[in-house]
Amino acid sequence: MIVQDEFDNQASAQAEFEEYVDHLADAVAPEIEIDSVPDDLGELYRVWNGSHLLGTFYQNLEGKWVTQPCNSDKRHCCDTSASAQLLIIAVNGLLVADVAA
């Protein structure tokens, strides 16, 4: 029966969607740590996820923050150190959105 098939498909899709939402709710924000080491031109900041280096960033002479993610050849300039950190985390696929239920 066509009506029953449509209902079964909708129920199946709803169940899959609920399972996906439950999976997203289980996502835990990674434990990110920032440290720094002295460099010839100032401080070099390092972004870590556990013992895994995600990338580095530093402030250039113009006051911009330059990111160097480990899995990318591109360097980006940011206005703030917080933006630089977030960019490195996002490039590594670790950005977790806080979704209020």
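Provided above is the structure to which this section pertains.
Residues numbered from 1 in each chain as written. Predicted model: local features only at pLDDT ≥ 70, side-chain atom pairs only at ≥ 80, totals over all residues. Heavy atoms only, no water.

Observations concerning the environment of Gly-55
(1) Moving on: Within the secondary structure layout, Gly-55 lies in strand S3 (residues 52-59).
(2) Moving on: For Gly-55, a relative accessible area of 0% puts it in the buried group.
(3) Moving on: Each C-alpha atom, one on Gly-55 and one on Tyr-45, is 8.6 Å from the other, the two residues being 10 residues apart in sequence.
(4) Moving on: With sequence-adjacent residues up to four places away left out, Gly-55 is seen in contact with Tyr-45, Arg-46, Val-47, Gln-68, Pro-69, Cys-70 and Ile-88. (Helix = DSSP H or I, 4+ residues; strand = E, 2+ residues; numbered from the N terminus. Buried < 20%, exposed > 50% of the residue type's maximum accessible area, 1.4 Å probe, protein only. Contact = heavy atoms within 4.5 Å.)

Things to note about the environment of Tyr-45
(1) Moving on: Here Tyr-45 lies in strand S2 (residues 42-49).
(2) Moving on: Given the relative accessible area of 26%, Tyr-45 is considered partly exposed.
(3) Moving on: For the pair formed by Tyr-45 and Ser-81, sequence separation is 36 residues and the distance between their alpha carbons is 9.4 Å.
(4) Moving on: Once residues lying within four places of it in the same chain are set aside, the contact partners of Tyr-45 are Ile-34, Asp-35, Ser-36, Gly-55, Thr-56, Phe-57 and Trp-65.

A closer look at the packing of aromatic side chains
(1) Moving on: Evaluation of the coordinates by the stated rule reveals three aromatic pairs.
(2) Moving on: Pairing Tyr-45 with Phe-57 gives two aromatic rings, centres 5.2 Å apart and planes at 20°, and the pair type is stacked. Placement of the pair is Tyr-45 in strand S2 and Phe-57 in strand S3, with a sequence separation of 12 residues.
(3) Moving on: Members of the aromatic cluster, joined through ring pairs, are Tyr-45, Phe-57 and Trp-65. (Phe/Tyr/Trp six-rings, centres within 6.5 Å; stacked < 30°, edge-to-face > 60°.)

Looking at the pairing of strand S1 (residues 32-39)
(1) Moving on: With eight bridges joining them, S1 and S2 adopt antiparallel strand pairing. Paired with Val-37 across the two strands is Leu-44, which belongs to S2. (Pairing = 2+ DSSP bridges.)

Focus: the sheet that holds S1
(1) Moving on: Strand order in the open sheet formed by five strands is S1-S2-S3-S4-S5, and the pairing between neighbours is antiparallel. Edge positions in the open sheet fall to S1 and strand S5 (76-78), since each of these has one partner strand only. Within this sheet the neighbouring strands show an average axis-to-axis angle of 30°, counted without direction.
(2) Moving on: Where strand S4 (residues 65-69) and S5 come together, three bridges link them in antiparallel fashion. The residue of S5 that forms the bridge with Trp-65 is Cys-78.
(3) Moving on: Sheet contacts for helix H2 (residues 81-91): S1, S2, S3, S4 and S5; angle to S3, the most-contacted strand, approximately 150°. (Axes fitted to C-alpha atoms, helices over the stretch in contact; angles between N-to-C directions.)

What to know about the pattern of salt bridges
(1) Moving on: Across all of its chains, the model carries two salt bridges by this definition.
(2) Moving on: When the shortest N-O distance is used, the salt bridge between Asp-35 and Arg-46 registers 2.8 Å. Here the residue Asp-35 occupies a position in strand S1, and Arg-46 occupies one in strand S2, the gap between them amounting to 11 residues.
(3) Moving on: Lys-64 is paired through a salt bridge with Asp-79; the nearest N and O atoms lie 2.3 Å apart. Pair noted here: Lys-64 is in the loop between S3 and S4 and Asp-79 is in the loop between S5 and H2, with a separation of 15 residues, a long-range link.
(4) Moving on: Judged by relative accessible area, which is 57%, Asp-79 ranks as exposed. (Salt bridge = Lys/Arg side-chain N within 4 Å of Asp/Glu carboxyl O.)

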